[in-house]
Amino acid sequence: MRRKSAWTWWVTAGSAATAGYYLLPADGLPANLFYNAVGLISALVILLGVRIHRPAKAAVWYWLSAGQVASVAGDLVWEYYRYVAHEEPNTSVADIFYLASYPLLAVGLWLLVRGRRGGAALSAAAMAGIGLGLVFWIFVLHPIAAASSASRLTWLISIAYPTADALLLAMLVRLLTSRGGTVSTRMLGVAAMLLLVSDAGYSIVSLHGDTDGVQFSAGFLMAYVMWAAAALHPSMAARAEPAALRGARFDLAHRIFLTGCTLLPPLMLLLPDVGDNGIDRTAIGAGSAALCLLAAARVTGLVRQVQAKAAELRQIAMHDDLTGLPNRRHFERSLACSARTGRLRVLFLGLNGFKSVNDELGREVGDEVLRVLAARIVAAAPGTLVARLDGDEFALLAPEVGSGSVIADRVVAALAAPVEAGGHELLVGASLGLAKAAEPVEALRRAETAMHAAKETGEPYRHWSPTLDERAGEHARLGAEMRAALLAGQFRVVYQPIVAVPEGRVVAVEALVRWQHPQRGLISPAQFIPVAERNGLIVDLGAWILRTACEQMVKWRTTAGADAPERISVNVSARQLSRPQFPGAVADILASTGLPATGLTVEVTETAVFGGGQAVAALHQLRAQGVRIALDDFGTGHSSLGLLHTVPVDVLKVDKSFVDRITEAGRHAVIARALIQVADGLGLTAVAEGVESELQAEALYALGYRLLQGYHFGRPTAAPDFRTRVHTLDA
């Protein structure tokens, strides 16, 4: 804290010393020695500031300290002449030290500002230097140069002082017009200004009056103080403040300063006795011309900066920040331009499973995956405009007729390889839609429709056809009607028995949803479930099904008693599992309906949990509550056996495709036998779905299946029959 405030104490002490100087006898030896002591102490304080703050540009301060020492040395030599040798020569060795102090100070200031480059800054410094230099020439330098002197040496010395001031003025102007700086550099500017004004005032007074100029000693003393204060300030070791942080106030002051400097030459012509001689008129004319040229150069530079900034803004506005690819705006403009020359060929690409990468591994990994895949798409489609439209969607504008399928094949092959990101090896597939159209908006819409169709069917890519629009229109209509149907109570839940053999007892039921449309009649789940999955309504619909099924199960336990099924199975979608709130919602429904968790089985498909992440985490939370987990359509998805290592499974529901031909000798029977052996070996319960005949039931029983489900045992209905079925099944 003391180090931070040392500069304030120093300025206070220096101001007091300056005031105290005038209390001493004027022009006496004590006053002069006191004056020299302030200068010498200031030089030492500069070195102390370097030691305290350790600036990167220490040489700056060494040069400034040397300038102080040179000035003090000149004073001491002059006092030797005056008080020891009793001489007051016009020129002496003291002048060497005095004059040497100026370049030393100028070098220090130059080292400080030399890193701040830029044409605008240099032109600003030149404009200010010409304006102020012209004033200095007319009022100081020219009168001194024109004055007669006793000798050539005396004349040269008298000219050297204002010339040295002009050098200091140039450095001061460069410092003042710099668009970066710190408190310390601004203190240096104050110090240089005090020295310059005091020097100029002393020269003018000495030229036109009979005085020793003691009134300017305060300026010289405070200049000493401010050089040292700048070294003590903590900001002397800090980097220059960026121009963006200086604010509008600095910019306004900067413009006012430059405008004032530009107006100085014509204003001086209005002053009396200025411009009466040819030299001054020539100087003013030359200065005005130079200022006009510099102003024109600054305007030209400003125009170029505006043009460069506009180009930069266009680049930002038309390109994606993450991948560097053109964005949707750029792509749509390119489509509009291409539409003038011919029919458009557009490819719309959507990544598969990318959301799970973001959810499971984080956005940083997801961003890296997008960058890698974007680069692969560009490499696979040379000469093709590739744009990132949004999230995990890309679009390509094919350049030639018939090239769409070729590009699609290359892109699919390029994206098939794993992506290494964040220490993981990830497989992210893609679906593409290809379309042709004369209108840009229509071409993009058709390609997107084809992409969604490819995703539904699992194809790598698909061409647009009118039938896709019909199907998409039907899906859109269904989606619009579904929410109203849910609110109107048009959906109903039906239940299909799951029977234990050979005893024929109903041990569980599966809850299934049906839509009784007032105009269309009964709509198949195969029609509306995919639409609900796509538009997100499956979340609300699934929650309604779950609550309705649990409430019905509690009623059966009350009304049917011992004949009531032990459990009820409810299908859960991938969208529901992806929501972190889902396990809590299930717990709330169980609590509000009064159904024990052991009475509920949640059925999920293999594709819903294949990506892992939040879906598998949700199943673990449900299992911890006591809810049983069933893997539906087992054997038809990706790496079915591999899922058994990661997914907490209690029940395997063997898909109907393995049951349909179970009575025939061949691979279906072999697979069905292998699946029951897997279930038994892992201690899981196996349920065979789609049993439609007595022969199928007998074959499955012979293979070891003890839980069967299908039309043979009962169709889905709102009020299933729980009475024991009598079957004659032989082991």
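Here the structure is shown first, and the text comes after it.
Calculation notes
- Residues numbered from 1 in each chain as written.
- Predicted model: local features only at pLDDT ≥ 70, side-chain atom pairs only at ≥ 80, totals over all residues.
- Heavy atoms only, no water.
- Salt bridge = Lys/Arg side-chain N within 4 Å of Asp/Glu carboxyl O.
- Helix = DSSP H or I, 4+ residues; strand = E, 2+ residues; numbered from the N terminus.
- Buried < 20%, exposed > 50% of the residue type's maximum accessible area, 1.4 Å probe, protein only.
- Phe/Tyr/Trp six-rings, centres within 6.5 Å; stacked < 30°, edge-to-face > 60°.
- Lys NZ or Arg CZ within 6 Å of the ring centre and 35° of its normal.

Below, the discussion takes up the pattern of salt bridges. Within this structure, the stated rule accounts for 17 salt bridges. Residues E332 and R328 are paired through a salt bridge, measuring 3.7 Å at the closest nitrogen-oxygen approach. Here the residue E332 and the residue R328 both occupy positions in helix α11 (residues 328–339), the gap between them amounting to 4 residues, near one helical turn. Relative accessible area serves as the criterion here: at 37%, E332 is assigned to the partly exposed category. Of the residues examined, R328 reaches a relative accessible area of 31% and is grouped as partly exposed. Across the pair K653 and E603 runs a salt bridge, and its minimum N-O distance is 2.7 Å. One end of the pair, K653, is in strand β14 (residues 651–654); the other, E603, is in strand β12 (residues 600–605), with 50 residues separating them in the sequence. Residue K653 shares its accessibility class with E603, and that shared class is buried.

Below, the discussion takes up unusual backbone geometry. With omega at 10°, the peptide bond leading from V501 into P502 counts as cis. Mapped onto the elements, P502 comes out in the loop between β8 (491–500) and β9 (505–517). Here the phi dihedral of H86 falls at roughly 55°; this positive angle occurs in a residue that is not glycine. Among the secondary structure elements, H86 is positioned in the loop between α3 (58–84) and α4 (93–113).

We now examine the packing of aromatic side chains. Summed over the entire model, instances satisfying the criterion amount to 9 aromatic pairs. Centroid distance Y21 to Y22: 5.3 Å. Interplanar angle 85°. Geometry classified as edge-to-face. The exposure class assigned to Y21 is buried, which follows from its relative accessible area of 7%. Grouping aromatic residues by their ring pairs yields a cluster made of Y21, Y22, Y35 and Y224. Geometry around W464 places R446 over its ring, the cationic atom sitting 4.0 Å from the centre. A cation over a ring is seen here: R715 above Y711, with NZ or CZ 3.9 Å from the ring centre.

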